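Listed here are the chains, written in short residue letters.
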Amino acid sequence: MDRYDPIRIEAKWQARWEADRLYEAKDFDPRPKFYFLTMFPYPSGDLHIGHWYAMAPSDAAARYKRMQGYNVLFPIGFDAFGLPAENAAIQHGIHPYRWTMDNIARMRAQLRAMGAMWDWSREIITCDPEYYRWNQWFFLKMYERGLAYRALAPVDWCPRDNTTLAREQVVGEERVCERCGTPVVKKNLEQWFLRITAYAEELLDFSGIDWPERVRTLQENWIGRSRGVEFDLSVKDHPGVAFRVFTTRPDTVYGMTFAVLAPEHPLVDRLTTPDRRAEVEAYKYKAARESDVERLSTERERDGVFIGAYAVNPMNGEPVPIFVADYVLLTYGAGAIQGVPAHDQRDFEFARKYGLPIRVVVAPPGWTGAPLPAAYLDEGTMVNSGPFDGLPSSVAWERIADYMEETGIGRRAVHYRLHDWLISRQRYWGTPIPIIYCPHCGTVPVPESDLPVVLPMDAEFLPTGESPLKRHEGFRRTRCPRCGREAERETDTMDTFVDSSWYQYRYLSPRYREGPFDPRVGAYWLPVDQYTGGIEHAVMHLLYTRFWTKVMRDLGLVTFSEPMLRLFNQGVILGEDGEKMSKSRGNVVNPDDFVRTLGADTVRAYLMFIGPWEGGGPWNSRGIDGVHRFLHRVWNLVVGTATPAGRGDAGAETAASEPEPMPLRHWTHRTIKKVTEDLEGFHFNTAIAALMEFTNYLYQVRARYAGTPAWREAIRSLVLMLAPLTPHIAEELWERLGEPYSVHTQAWPSYDPALARAPTITLVLQVDGKVRDRVQVPADLTEAQARELALSNEKVRRFLDGREVADVIVVPGRLVNVVTR
RNA sequence: GCGGAAGUGGCGGAACUGGCAGACGCGCAGGCCUCAGGAGCCUGUGGGGGCGACCCCGUGGGGGUUCAAAUCCCUCCUUCCGCACCA
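Note that the structure is a prediction, hence the values are computed from the model and not measured.

Draft legend 1. Up close: the sheet that holds strand 6 (residues 163–165). Pairing is antiparallel across the open sheet formed by 4 strands, whose spatial order is 6-5-9-19. One side of each edge strand has no neighbouring strand; the edge strands of this open sheet are strand 6 and strand 19 (421–422). With 10 bridges joining them, strand 5 (residues 148–158) and strand 9 (residues 185–194) adopt antiparallel strand pairing. Considered in strand 9, the bridge of Ala 148 is made with Leu 194. Packed on one face of the sheet, helix 5 (residues 129–144) meets strand 5 and strand 9 and runs near 90° to strand 9.

Draft legend 2. Inspection of the side chain of Thr 820 at higher detail. Of note, Thr 820 is situated in strand 33 (residues 815–820). For Thr 820, the side chain forms a polar contact with the side chain of Asp 768, separated by 2.8 Å. Discounting chain neighbours no more than four positions away, the residues touching Thr 820 are Asp 768, Leu 800, Arg 803, Glu 804, Val 805 and Ala 806.

Draft legend 3. Representation of the sheet that holds strand 21 (residues 435–438) within the structure. What the 4 strands build is an open sheet, ordered 22-21-24-23; its pairing is antiparallel. The open sheet has two edge strands, strand 22 (442–445) and strand 23 (477–479), and neither has a second partner. The average undirected angle you get between the axes of adjacent strands in this sheet is 40°. Sheet topology note: the strand 21/strand 24 (residues 486–489) ladder contains 2 bridges and is antiparallel. Across the sheet, residue Tyr 437 finds its bridge partner in strand 24, namely Glu 488.

Draft legend 4. Structural context of the confidence of the model for chain A. The share of residues in chain A with pLDDT of 70 or more is 96%, and the mean pLDDT across the chain is 90. Note that pLDDT drops below 50 for residues 641–660; the model gives that stretch 15 contacts with residues more than four away or on any other chain. Interface confidence for the predicted complex, given as ipTM, is 0.93, next to a pTM of 0.92.

Draft legend 5. How the structure looks around the protein's contact with RNA strand B. What surrounds RNA strand B is a group of 61 residues, the closest being Arg 302, Arg 346, Asp 625, His 632 and Arg 633. Atoms of RNA strand B within 4 Å of the protein: sugar and phosphate make up 65%, bases the balance. At a separation of 2.4 Å, a base nitrogen of RNA strand B approaches a polar side-chain atom of Arg 814. Examining the composition of the surface near RNA strand B, we find that 7 residues originate from one element, helix 20 (residues 623–639), more than from any other. Tallied by class, the residues present in the surface near RNA strand B amount to 21 nonpolar, 19 polar and 21 charged.

Draft legend 6. Summary view of the nonpolar core. Ranked by size, the top nonpolar core spans 182 residues in total, and within it Phe 139, Trp 421, Phe 547, Trp 548 and Leu 698 carry the most contacts. Residues in contact with Phe 547, not counting those within four places in the same chain, are Met 142, Leu 194, Arg 195, Ile 196, Tyr 199, Leu 203 and Trp 421. With 54 residues, the next largest nonpolar core counts Val 253, Tyr 327, Ala 336 and Leu 372 among its residues.

Conventions and cut-offs
Residues numbered from 1 in each chain as written. Chains lettered and ligands numbered in written order. Predicted model: local features only at pLDDT ≥ 70, side-chain atom pairs only at ≥ 80, totals over all residues. Heavy atoms only, no water. Pairing = 2+ DSSP bridges. Helix = DSSP H or I, 4+ residues; strand = E, 2+ residues; numbered from the N terminus. Contact = heavy atoms within 4.5 Å. Axes fitted to C-alpha atoms, helices over the stretch in contact; angles between N-to-C directions. Polar contact = N/O pair within 3.5 Å; in protein donor to acceptor, adjacent residues only side chain to side chain. pLDDT = per-residue confidence, 0-100. Near = heavy atom within 4 Å. Nonpolar A, V, L, I, M, F, W, Y, C, P; charged D, E, K, R; others polar. Core = buried A, V, L, I, M, F, W, Y, C linked by side-chain atoms within 4.5 Å. Buried < 20%, exposed > 50% of the residue type's maximum accessible area, 1.4 Å probe, protein only.

Quick look at the structure:
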């Protein structure tokens, strides 16, 4: 007997597919195109089960699209810059390039074992100078347009990785480094930024793309748009001196009883009176020293110090005391606020602590004038607000804003939580920023013709934490492209998120020399139709790549504004204990072990069967056996060598001699319908369940149908439907059926809707909503017939027990509910 | 605190637009086959009651709408994720 031997057939077909270049996508093919992209891996060294979970289902989906008649581009590459390579260099003396390329070689072999339809001819590796030269090119284009700039700014610094971090890379309440978990510290440094905030408004617009609500919400929250009013407060006894405040509640301006400056605010020194100076200085010192952890502690009492000066409310000329307090941040809004304790919880607590007046200006319904127990934040009626009294506060919001604009007191303004993207990294293993500092000419961009600025291979890697480029004289010292005199290169490299912000374009023409991608090829494939990857990139990669595409549009490189039309986020695969896989927990599942014993098809199918793709979930080593058994059963069924012996077969005959459940062709077509719909929606788990059911059914009726055309249709369909999910076994069985190579270039089976519809249905008979009987009836039973059937049914009558029938609900094709009084 | 998602057998999960709860698989129990394979076959398996035909209960808790609720509404609880002094 010829048993299912996954190891042998998988090796065989992988070699054949590669030799035949079965998966190379053709540009300009007349079929409709479909660009299916999965987030490319970082070459950490080994392909882990998480990679499989991200990639095997996406391969199945891409294969399905191909069988649906699309010309599918399904590329793969490596996100090859980053810290681990540099750390390996420091710890083990291996050059980051060597380390990275060795890992890539190993991972390529592991990826091939998956049997995916990647087009390896388009592989990209971001640490290749021919790749990162375009990072530099983009940077120069942005620099020309003022979208890349250098600024002295307080930046987040990871003391362990010895580098700055983008705001998005600082995570959690503890404000730790996204990569290593070390608490970050603030440093004041000259760094390069990309002006993503120029696109803040546009990035809030998701029209035209079908992205998960979750990602949209995360991005919206991250961008953090606030609409409000900015106005200036003049300072009493300081003619000509004023500071700006921003508020989202201009309707509460008459309720201002104090003002607050951020401790770092530039006016603090100037306005502080001599008698307050010592206290203010002490407070500033304290605020500066406090770590962010302390400063953000939720239980912490709000505090501040009066600086001795008074600000004048522009609406009523009333002076209010000015404080410094660290609950006001220099980095948001204007770095100063109006203190309205009656209508802001923080101001309320502050006013209580320092005995400041709490003046209600938006009255809650039924307010009697009594003090409020907490800040009142909702809509109300204006009081104590001069000409605006009596208006609903939402109306007053607009009227006061209008008034401020008309009189020049202030203007409407929008602020964002989003900051510009800090891209400077004080590390070696990244794209050099193509800038030269000349003592005579200043900051000079490297001319395009001099690109790429190549990383020197002979850098030294020492555990000092200092960037190797900074100490590399040959790299650092250069000549000014403008005046030719001695100058210095920028030694910082770019955040690796730059690499992944536009990689989808490089896949189109990875060896193109005239630009980041060939526009002719781009016109055919772009944009990406389907993108898949983890949710962890919601506010970093996925925001950056949208930004990048908008910049590319404004540079005239593309004609659209969004890089990926549809996005799907798969879940996370957990260890057997239900916890996140980690070496320290010892719950890491190595896919290679299972591939070696059960085969790649089983691993693929199991990962898809485990549950909804978006849900992730725990790995179960027993569960995978069930899927493996299923493939065995399919094999035996199709090859026709299911064990014919003994009582097992007798049992099968027993099953087959029972009343026929449904005709074979109906089962075939309804399974095709179900699997088609499931794959369309990435519901791999239920698609596989349907194929299991179908297989179980085929075993039951095999004796009756074997050899008939309907049987052949069923078996062919089964193999075709397995092709995207388990490509190797499908190819082998397809060949054994005598069908032409390759199963993967066949059309997806179509179904006849009439056949997919059940010829008979189970009609449920209920009395007062409780199921009392089930009867098999023709699917086209009329409503009247169903009603008749129910009322004459013996069990229904028994449960009616002579009671009066009040109503009979008939749901055609489903049930009849007899309702008693 | 704010925003989002979710709670279904011993486990992973299924259930169209409100219409048979628990598909499929794991596990478990019993039986079979086999010179033993990462082979296969059959039966049973939500809880409780009954010799049985059958009956009752059951989708986090409580309440509601409805002929009918896992599904809709209110409320509470729990878990996960994100943001968190953003003015």
